[in-house]
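# Structural overview
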Amino acid sequence: MRVAFFSTSLKFSGGRLAMLRHADELARRGHDVSFRVEEAEPATGWAEARVPVRRFARSELHDLPHADLCVFDRVRLAR
């Protein structure tokens, strides 16, 4: 299954840490997982992310590769 996580930033928060942990666990179980962040240079040093973290622009949201499940950190991001 392809799973895509989207976040506005990777500044430390418990919710973002939970998202990264879920992404890592899904990837460990063999799923195709991507994690995309809207901020210019996402810093993941505090979280030890094992999945690749890439930048995206909101204008590109509809042109990103297909995913079976998309997880957003806030509803307004998905609009």
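Scope of this entry: the structure provided in the associated data block. (Residues numbered from 1 in each chain as written. Predicted model: local features only at pLDDT ≥ 70, side-chain atom pairs only at ≥ 80, totals over all residues. Heavy atoms only, no water.)

## Regarding the pattern of salt bridges
Counted under the stated rule, the structure contains six salt bridges. Measuring nitrogen to oxygen at the nearest pair gives 2.6 Å for the salt bridge that ties arginine 28 to glutamate 25. With arginine 28 and glutamate 25 both in helix α1 (residues 14-28) and three residues apart, this pair spans about one turn of that helix. What makes arginine 28 exposed here is its relative accessible area of 60%. Across the pair arginine 58 and glutamate 38 runs a salt bridge whose closest N-O atoms are separated by 2.9 Å. Here the residue arginine 58 occupies a position in the loop between β3 (53-55) and β4 (69-72), and glutamate 38 occupies one in the loop between β2 (32-37) and β3, the gap between them amounting to 20 residues. (Salt bridge = Lys/Arg side-chain N within 4 Å of Asp/Glu carboxyl O. Helix = DSSP H or I, 4+ residues; strand = E, 2+ residues; numbered from the N terminus. Buried < 20%, exposed > 50% of the residue type's maximum accessible area, 1.4 Å probe, protein only.)

## A closer look at the sheet that holds β3
Pairing within the open sheet is parallel, and its four strands lie in the order β3-β2-β1-β4. Each of the sheet's edge strands pairs with one partner strand only, and the pair in question is β3 and β4. Here the average twist between neighbouring strands, direction ignored, is 25 degrees. (Pairing = 2+ DSSP bridges. Axes fitted to C-alpha atoms, helices over the stretch in contact; angles between N-to-C directions.)

## Things to note about α1
An ideal rise of 1.5 Å per residue puts 21 Å on 15 residues; α1 measures up with 21 Å between its terminal C-alpha atoms. Contact partners of the buried residues in α1: β1 (2-7), β2 and β4. One or two residues past the end of α1 sits glycine 30, with phi positive at roughly 100 degrees. (Expected span 1.5 Å × (residues − 1). Contact = heavy atoms within 4.5 Å.)

## So, the nonpolar core
If you look at the biggest cluster of nonpolar residues, it comprises ten residues: Val3, Phe5, Leu10, Met19, Leu20, Ala23, Val33, Phe35, Val37 and Val51. Secondary-structure elements contributing two or more residues to this core are β1, α1 and β2. Setting aside residues no more than four positions away along its own chain, alanine 23 makes contact with Phe5, Val33, Phe35 and Val51. Membership of the second largest hydrophobic core comes to six residues, among which are Ala4, Phe6, Leu61 and Leu64. (Core = buried A, V, L, I, M, F, W, Y, C linked by side-chain atoms within 4.5 Å.)

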